[in-house]
Amino acid sequence: MNLSDSQTGGAGPRRVSAMEAVLSHLRDAIERGEYAIGDKLPSEAELCRALEVSRPVLREALRALQTMGLTVSRTGKGTFVVADAVEDPTFGDYAAGDLLEVRRHVEIPVAGYAAERRTPENLDRLTRLLDRMERETDTAAWVAMDTLFHLAVAEASQNPVFRRVIEEIRDALARQSAFLNELGGRREQSDREHRAIVEALADGSAHDAVQAMTHHLDRVETTLTDIVRSVRTPAHDSPQAV
């Protein structure tokens, strides 16, 4: 079975990465009961041979399964199935639902304060950071800058407590960002949403900044929901490479 880059249907052809194809295959197998709760998945070597993918690709898919709450990795023992349906992904120490709830209560008002209190230095840093993000092609580098962007907005509020809160959830934000970009294709959309936030801060409009941040978090929630409830296309033994 070759799970190389392939196309799936929908409104139009969409490029599916090898990792997505592996994740879809394994998730489908778990949800269909091929691997029941308590079962151990085949070894990495066995899965790589069966799916004809590299070990890094497989490991990314296995990490995504764990984030979705379907499996748990036990050092020296392997990967075990712990659930047969995705409910609430976990990013580091925090469940997605809990993380988003806190972000709404913190980052939305923070954006309003930042619009009223930002300094020229704050705006310059945010603008330069966003310019770099829009040019960046490496996902890992983009994710790192994504967390820096949200920290910079908190700094622009001139309240160090807000920055400390964002620092506390920074690792979870990075994990969530990587997850959404890998499975939801969020990067370009997120860049546009970030640009709208910066423009509102530059205009000094608390109302527009609050609206822009609200829209950003709404889209994060929508993408997460789409991934959790995704309808997978049947795996093909020989998908068309693109």
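**Q** Whenever I open this one, the overall build of the chain confuses me. Can you help?
**A** Along its length, the chain carries ten helices and six strands. Per-residue burial for the chain yields a buried fraction of 43% across its 242 residues. Within the chain, contacts between residues at least 6 apart in sequence are counted, and of these 70% link residues at least 24 apart. Accessible surface, the chain as shown: approximately 12400 Å² in total, 48% of it carbon and sulfur.

**Q** I tried to follow the pairing of strand E4 (residues 78–81) on my own but got confused; where do I start?
**A** Side-chain direction in a regular strand flips from residue to residue, so the side chains alternate between the two faces of the sheet. Pairing of strand E3 (residues 71–74) with E4, which is carried by four bridges, proceeds in the antiparallel orientation. When the bridges of E4 are listed, Arg74 appears paired with Gly78. From the end of E3 to the start of E4, which pair antiparallel, there are three residues, and Gly76 there has a positive phi angle of about 80°.

**Q** Can you walk me through a negative patch on the surface in this structure?
**A** Where like charges cluster on the molecular surface, the negative patch consists of Asp84, Glu87, Asp88, Asp98 and Glu101. For Asp84, the position within the fold is in the loop between E4 and strand E5 (90–91). Given a relative accessible area of 44%, Asp84 falls into the partly exposed group.

**Q** Explain unusual backbone geometry here, please?
**A** A negative phi holds for most residues other than glycine; trans holds for most peptide bonds. Unlike most non-glycine residues, Glu52 shows phi in positive territory, near 60°. Among the secondary structure elements, Glu52 is positioned in the loop between helix H2 (44–51) and helix H3 (55–67). Of note, the phi angle at Gln158 is positive, near 65°, even though the residue is not glycine. Relative to the helices and strands, Gln158 resides in the loop between helix H6 (139–156) and helix H7 (160–168).

**Q** Explain helix H8 (residues 170–184) here, please?
**A** Because an α-helix completes one turn every 3.6 residues, residues spaced three or four positions apart along the sequence face the same direction. Taking 1.5 Å per residue, 15 residues should reach 21 Å; H8 reaches 20 Å between its end C-alpha atoms and fits that length. For H8, the full list of buried residues reads Ala172, Leu173, Gln176, Ser177, Phe179, Leu180, Asn181 and Leu183. Just beyond H8, the residue with positive phi is Gly185, at close to 55°.

**Q** Sorry, what's going on with the environment of Tyr113 here?
**A** Within the secondary structure, Tyr113 is located in helix H4 (residues 96–117). Non-local contacts of Tyr113, meaning those with residues more than four positions away in its chain, are made with Ala156, Ser157 and Phe162.

**Q** Before we go on, may I ask you to explain the confidence of the model for the chain in this structure?
**A** For any part of a model where pLDDT is low, the fine detail of the predicted coordinates should not be relied upon. On average, the chain scores 87 in pLDDT, and the residues at 70 or more come to 88%. Taken together, the stretch residues 5–14 has pLDDT below 50 and engages in 22 contacts with residues farther than four places along the chain or on a different chain. Predicted confidence is poor over residues 231–242, with pLDDT under 50, and the contacts of this stretch with residues over four places away or in other chains come to 24 contacts.

**Q** I tried to follow H2 on my own but got confused; where do I start?
**A** Taken together, the buried positions of H2 are occupied by Leu47, Cys48 and Leu51. The arc that holds the buried residues of H2, viewed along the axis, is 100°, so those residues lie on one side. For H2, the elements touching its buried residues are helix H1 (18–31) and H3.

What counts and what doesn't
- Residues numbered from 1 in each chain as written.
- Predicted model: local features only at pLDDT ≥ 70, side-chain atom pairs only at ≥ 80, totals over all residues.
- Heavy atoms only, no water.
- Helix = DSSP H or I, 4+ residues; strand = E, 2+ residues; numbered from the N terminus.
- Buried < 20%, exposed > 50% of the residue type's maximum accessible area, 1.4 Å probe, protein only.
- Contact = heavy atoms within 4.5 Å.
- Areas by Shrake-Rupley, 256 points an atom, 1.4 Å probe, with all protein chains shown as cover.
- Pairing = 2+ DSSP bridges.
- Patch = residues over 30% accessible without salt bridge, like charges linked within 9 Å, V, L, I, M, F, W, Y side chains within 5 Å.
- Salt bridge = Lys/Arg side-chain N within 4 Å of Asp/Glu carboxyl O.
- Lys, Arg positive; Asp, Glu negative; His and termini not counted.
- Charge placed at Lys NZ, Arg CZ, Asp CG, Glu CD.
- Expected span 1.5 Å × (residues − 1).
- pLDDT = per-residue confidence, 0-100.
- Arc of directions from axis to C-beta.

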